[in-house]
Amino acid sequence: MKLLAINGSRRKNGNTSWLIQSLLAPADKGGAQTESIFLGDYNIGACTGCEGCSSSWECVLKDDFAQIIKKIDAADGIVLASPTYWYSVTSDMKRFIDRCYSLIQFPVNRKQWIGKYQGTGKACVTAAICEQSEASAMGNTLSLLTDFSKDIGMDVIASVKALGFFEAGSIKADHALLEKAETTGQKLFDRLKR
Ligand SMILES: Cc1cc2nc3c(=O)[nH]c(=O)nc-3n(C[C@H](O)[C@H](O)[C@H](O)COP(=O)(O)O)c2cc1C
């Protein structure tokens with residue numbers, strides 16, 4: 001079993017990393033193969049809206065994007081996580097999501113689409129972190145990650161919201177939240193074992 005975590009933060013020791021670590025811990029302990037990647041380590045250009053992917057499931061732009069899709073193709077479970085930057089996901093995460101336009105097709109009309117991973121049994125957990133303690137400060141970070149994951153055909157089994165974390169790694173002090181994240185990670189692992 002393989003789990004892949006995709007991190008939209010540039011802070012290697014940031015709160016998103018710690019949250020991901022807790023989400024992956026049960027799968028790690030259970031013997032699954034886990035990998036965590038930072039989108040900022042990859043060269044991913046902006047979607048140009050060329051529609052070159054309209055009938056191929058593949059983006060025509062040549063950069064590191066295809067490497068990540070290969071990893072998603074091979075994974076059974078995905079953790080998609082981003083800090084909030086101005087009420088939404090980071091620009092690294094948004095650029096990646098835009099490029100994933102190649103993971104949906106519109107076979108009949110523009111009102112209906114199918115996701116590449118529909119029917120594959122890929123399960124996903126989404127997670128978002130922000131500084132302020134009111135949920136409104138998170139804007140659409142979590143709903144964007146979740147709606148996107150569903151659109152490409154993944155089964156989103158849970159979402160984790162982490163409010164009130166500013167300094168890199170400050171989330172480590174919140175044992176209750178990280179335990180809750182582990183419970184969510186266990187749920188993901190159990191689901192994939194079925
Ligand atoms: C450019 C930028 C924009 C931010 N915008 C918001 C925001 O809109 N709302 C909020 O609550 N926190 C905001 N933050 C704070 C981060 O979400 C917060 O520090 C988070 O813990 C960073 O996660 P990381 O440690 O994984 O990088 C912003 C931070 C940066 C650098």
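Coordinates for the structure precede this section.
Now for a look at the structure at hand. Values in this document were obtained by computation on a predicted structure and should not be read as measured data.

With respect to the overall build of the chain
Stage number 1. Counting secondary structure elements, the chain contains 5 helices and 7 strands.
Stage number 2. Counting helices and strands in the order they occur from the N terminus, the chain gives β-α-β-α-β-α-β-β-β-α-β-α.
Stage number 3. Taking 2.2 N^0.38 as the reference for a compact globule, 194 residues should give roughly 16 Å; the C-alpha atoms of the chain span a radius of gyration of 16 Å, in line with that estimate.
Stage number 4. If you line up the chain on its principal axes, its C-alpha atoms span 50 × 40 × 30 Å.

Structural notes on the nonpolar core
Stage number 1. Judged by nonpolar contacts, the single largest core of 29 residues is most densely connected at I6, I68, I69, I72, M93 and F96.
Stage number 2. The leading source of residues in this core is helix 2 (residues 65–74), at 4 residues.
Stage number 3. F96 has contacts with I6, L39, I44, F65, I68, I69 and I72, leaving out every residue within four places of it along the chain.

Remarks on empty space enclosed by the protein
Stage number 1. The tally for this structure, following the rule as stated, stands at 2 cavities of 30 Å³ or more.
Stage number 2. Considered as a void within the structure, the largest cavity measures approximately 90 Å³ in volume.
Stage number 3. Residues of the lining of the largest cavity, tallied by class, amount to 7 nonpolar, 4 polar and 3 charged.
Stage number 4. Looking at the second largest cavity, its volume works out to about 40 Å³.
Stage number 5. I6, I72, I78, L80, F96, C124, F148, S149, I152 and M154 together form the lining of the second largest cavity.
Stage number 6. Put simply, the parts of the chain that give the lining of the second largest cavity at least two residues each are strand 3 (77–83) and helix 4 (141–151).

With respect to the site of the ligand
Stage number 1. Around the ligand, a shell composed of 17 residues is seen, among which S9, N15, T16, T84 and F165 lie nearest.
Stage number 2. In this structure, an oxygen atom belonging to the ligand sits 2.9 Å away from a side-chain N or O atom of R11.
Stage number 3. T84 is positioned with one of its backbone polar atoms (N or O) 2.7 Å from an oxygen atom of the ligand.
Stage number 4. Here the ligand, which alone exposes 650 Å², has 80% of that area covered by the protein.
Stage number 5. Within the residue set of the shell around the ligand, elements represented by two or more residues are helix 1 (15–29) and strand 6 (123–130).
Stage number 6. Within the shell around the ligand, the residues separate by chemical class into 9 nonpolar, 6 polar and 2 charged.

Some points on a nonpolar patch on the surface
Stage number 1. Taken together, the side chains of Y85, W86 and Y87 define a hydrophobic patch exposed on the protein surface, amounting to about 460 Å² of accessible area.
Stage number 2. Secondary-structure assignment places Y85 in the loop between strand 3 and helix 3 (91–99).

Topic: the layout of surface pockets
Stage number 1. The computed volume of the largest pocket comes to approximately 350 Å³.
Stage number 2. Along the walls of the largest pocket sit 17 residues, with T84, Y85, C130, E131 and F165 positioned nearest its centre.
Stage number 3. Mapped by element, the contributors of at least two residues to the lining of the largest pocket are helix 1 and strand 6.
Stage number 4. Surrounding the second largest pocket, 15 residues form its lining, E58, C59, F65, A66 and I69 being those nearest its centre.
Stage number 5. Looking at the lining of the second largest pocket, the element that brings in the most residues is helix 2, giving 5 residues.
Stage number 6. For the lining of the second largest pocket, the residue count by class is 7 nonpolar, 1 polar and 7 charged.

Topic: the packing of helix 1 against helix 5 (residues 175–193)
Stage number 1. Relative to each other, helix 1 and helix 5 sit at 45 degrees, their axes nearing to 7 Å. One element, helix 1, and the other, helix 5, form an angle in the oblique class. Viewed along their axes, helix 1 and helix 5 form a crossing whose handedness is right-handed. Between helix 1 and helix 5, the residues in contact are W18, L19, S22, L23, A25, P26, A27 and K29 and L178, A181, E182, T184, G185, Q186 and F189, respectively.
Stage number 2. Classifying every residue of the contact of helix 1 with helix 5 gives 9 nonpolar, 4 polar and 2 charged.

Thresholds applied
- Residues numbered from 1 in each chain as written.
- Predicted model: local features only at pLDDT ≥ 70, side-chain atom pairs only at ≥ 80, totals over all residues.
- Heavy atoms only, no water.
- Helix = DSSP H or I, 4+ residues; strand = E, 2+ residues; numbered from the N terminus.
- Rg over C-alpha atoms; globule rule 2.2 N^0.38 Å.
- Core = buried A, V, L, I, M, F, W, Y, C linked by side-chain atoms within 4.5 Å.
- Buried < 20%, exposed > 50% of the residue type's maximum accessible area, 1.4 Å probe, protein only.
- Contact = heavy atoms within 4.5 Å.
- 1 Å grid on protein atoms, 1.4 Å probe; cavity = no way out; pocket = protein on both sides within 12 Å on 5 of 7 lines; lining within 4 Å.
- Points joined across faces, edges and corners; volume = space filled by probe spheres on them.
- Nonpolar A, V, L, I, M, F, W, Y, C, P; charged D, E, K, R; others polar.
- Near = heavy atom within 4 Å.
- Polar contact = N/O pair within 3.5 Å; in protein donor to acceptor, adjacent residues only side chain to side chain.
- Areas by Shrake-Rupley, 256 points an atom, 1.4 Å probe, with all protein chains shown as cover.
- Patch = residues over 30% accessible without salt bridge, like charges linked within 9 Å, V, L, I, M, F, W, Y side chains within 5 Å.
- Salt bridge = Lys/Arg side-chain N within 4 Å of Asp/Glu carboxyl O.
- Axes fitted to C-alpha atoms, helices over the stretch in contact; angles between N-to-C directions.
- Parallel < 35°, antiparallel > 145°, perpendicular 65-115°, else oblique.
- Left-handed = near helix turned anticlockwise from the far one by under 90°.

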